[in-house]
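# Tertiary structure, described
Okay, here's what each chain looks like letter by letter:
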Amino acid sequence: MPTSSNGPQGPHCRDYIFVSENMAGRITDMRVDVETTASDHQPVAITLQA
């Protein structure tokens, strides 16, 4: 999933991921796909530690 620290140009909407308090400590990575052309939303992905 391509990501950019500069963020998207122009109007955009970011999706959200909600996790419970006991899962929050298992998040090891978070990415925003700012290059998608599928819609005006930038999907958010997280990686959880097993």
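Below is a short write-up of the structure. (Residues numbered from 1 in each chain as written. Predicted model: local features only at pLDDT ≥ 70, side-chain atom pairs only at ≥ 80, totals over all residues. Heavy atoms only, no water.)

## As for the packing of aromatic side chains
If you walk through the whole model with that rule in mind, you get one aromatic pair. Centre to centre, the rings of Y16 and F18 are 6.2 Å apart; their planes meet at 25 degrees, and the pair counts as stacked. The two residues Y16 and F18 agree in class, both being exposed. (Phe/Tyr/Trp six-rings, centres within 6.5 Å; stacked < 30°, edge-to-face > 60°. Buried < 20%, exposed > 50% of the residue type's maximum accessible area, 1.4 Å probe, protein only.)

## Focus: the pattern of salt bridges
Any two side chains of opposite charge can pair, on the condition that their charged atoms come close. Within this structure, the stated rule accounts for one salt bridge. In this structure, the salt-bridge partner of D29 is R31, at a minimum N-O distance of 2.9 Å. The partly exposed category is assigned to D29, whose relative accessible area is 33%. Judged by relative accessible area, which is 29%, R31 ranks as partly exposed. (Salt bridge = Lys/Arg side-chain N within 4 Å of Asp/Glu carboxyl O.)

Coordinates in, geometry out; function isn't part of it.
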